[in-house]
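Structural characterization, general
Now for the letters of each chain:
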Amino acid sequence: MRRKDAAKLLDEGFGVREVARLLDVSPSAVSAWKQAYETEGEAGLAAKPQTGGGRPPFLSYDQYPRLERLLLEGPRAHGFETDLWTLARVGVVIEREFDVSYSNSGVRKILKRMGWSYQKPQSFTQKRDDEAVARWRATTWPELKKAPAETDA
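An account of the accompanying structure is given in this report. (Residues numbered from 1 in each chain as written. Predicted model: local features only at pLDDT ≥ 70, side-chain atom pairs only at ≥ 80, totals over all residues. Heavy atoms only, no water.)

**Describing the overall build of the chain**
Selection rule: Helix numbers and strand numbers start at the N terminus; a helix is a DSSP run of H or I with at least 4 residues, a strand a run of E with at least 2. Here, two residues are considered to be in contact whenever any of their heavy atoms come within 4.5 Å of each other. Only the protein chains shown count as cover for residues, and the accessible areas themselves come from Shrake-Rupley with a 1.4 Å probe.
Looking only at helices and strands, the chain features seven helices and zero strands. Helices and strands in the chain line up, N terminus first, as α-α-α-α-α-α-α. By sequence separation, contacts in the chain at least 24 residues apart represent 40% of the contacts at least 6 residues apart. Here the chain has roughly 12,200 Å² of accessible surface; of this, 50% comes from carbon and sulfur atoms.

**Some words on helix 6 (residues 104-113)**
Heads up, the condition is: Partly exposed residues are those whose accessible area sits between 20% and 50% of the maximum for their type, while under 20% is buried and over 50% is exposed, using a 1.4 Å probe and protein chains only. Read the arc as the range of directions from the helix axis to the C-beta atoms.
Among the residues of helix 6, those classed as buried are G106, V107, I110 and L111. Buried residues of helix 6, seen end-on, are gathered within an arc of 135° and therefore sit on one face of the element. Of the exposed residues in helix 6, those oriented more than 90 degrees away from the buried face are K109 and K112. On its buried face, helix 6 is in contact with helix 4 (64-72) and helix 5 (87-98). Once helix 6 finishes, G115 follows within two positions and takes phi at roughly 85°, a positive value.

**Let's talk about the side chain of H78**
Where we set the bar: Distance and chemistry together define a polar contact, namely a pair of N or O atoms within 3.5 Å, with one atom able to donate a hydrogen and the other to accept it when in protein, and with adjacent residues in sequence counting only for side-chain atoms on both sides.
By the element assignment, H78 lies in the loop between helix 4 and helix 5. Side-chain polar atoms of H78 contact the side chain of E73, separated by 3.1 Å. Every residue in contact with H78, bar those within four places of it in the chain, is listed here: L70, E73, W85, V93 and R96.

**Some remarks on the side chain of R89**
Operational definition: Positive: Lys, Arg. Negative: Asp, Glu. His and the chain ends are not part of the count. Should a side-chain nitrogen of Lys or Arg be within 4 Å of a carboxyl oxygen of Asp or Glu, the pair is scored as a salt bridge.
Mapped onto the elements, R89 comes out in helix 5. With no salt bridge to any partner, buried R89 finds its closest opposite charge in E81, at an N-O distance of 6.8 Å. Discounting chain neighbours no more than four positions away, the residues touching R89 are P75, F80, E81, T82 and L84.

**Regarding the packing of helix 1 (residues 2-11) against helix 2 (residues 16-23)**
Short version of the rule: Axis definition: a line fit to C-alpha positions, over the contact stretch in the case of helices; interaxial angles, taken between N-to-C directions, run 0 to 180 degrees. Orientation is classified from the angle alone, with under 35 degrees giving roughly parallel, over 145 giving roughly antiparallel, 65 to 115 giving roughly perpendicular, and any other angle giving oblique. Handedness of a crossing follows from how the near helix is turned relative to the far one, being left-handed for an anticlockwise turn of less than a right angle and right-handed for a clockwise one. Residues are sorted three ways: Asp, Glu, Lys and Arg are charged, Ala, Val, Leu, Ile, Met, Phe, Trp, Tyr, Cys and Pro are nonpolar, and all the rest, Gly among them, are polar.
Direction vectors running N to C along helix 1 and helix 2 enclose 140°, while the axes themselves pass 10 Å from each other. What the angle tells us is that helix 1 and helix 2 run oblique. Crossing of helix 1 over helix 2 shows right-handed handedness. Note on element contacts: helix 2 touches helix 1 through V16, V19, L22 and L23, opposite R2, D5, A6, L9 and L10. Class assignment of the residues belonging to the contact of helix 1 with helix 2 gives a composition of seven nonpolar, no polar and two charged.

This is the structure we're talking about:
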């Protein structure tokens, strides 16, 4: 156990930085172990279970079903002009309905946890003439493929 090795080395007169280098840990970790050893003895060096650190999420998992119902209503139901959800728009709905604010990356994580996937809308021109495109592919494109490449030689 590195903590006990650190305590032994410190007792032998090695410095915190030297112990950190020898055990390949940070000096701050060795300092924390040293303090724990000095105040609690061997018990202070025992591994402590992690408590799931970090800030708790703003939205609880219990609120996800409500958010999903809101999103299924569609963007227009929430005052947006188009039927396209963006991360920013979802963030606005979350802020309005739950009074919490998320960055776009935070919204992306929420949607992923909910099982929603990111989908980019397919773009195409509204004035596209499918018959003209088909004629071009059938006649012009094969001729272009056959033509030798132009060289600047």
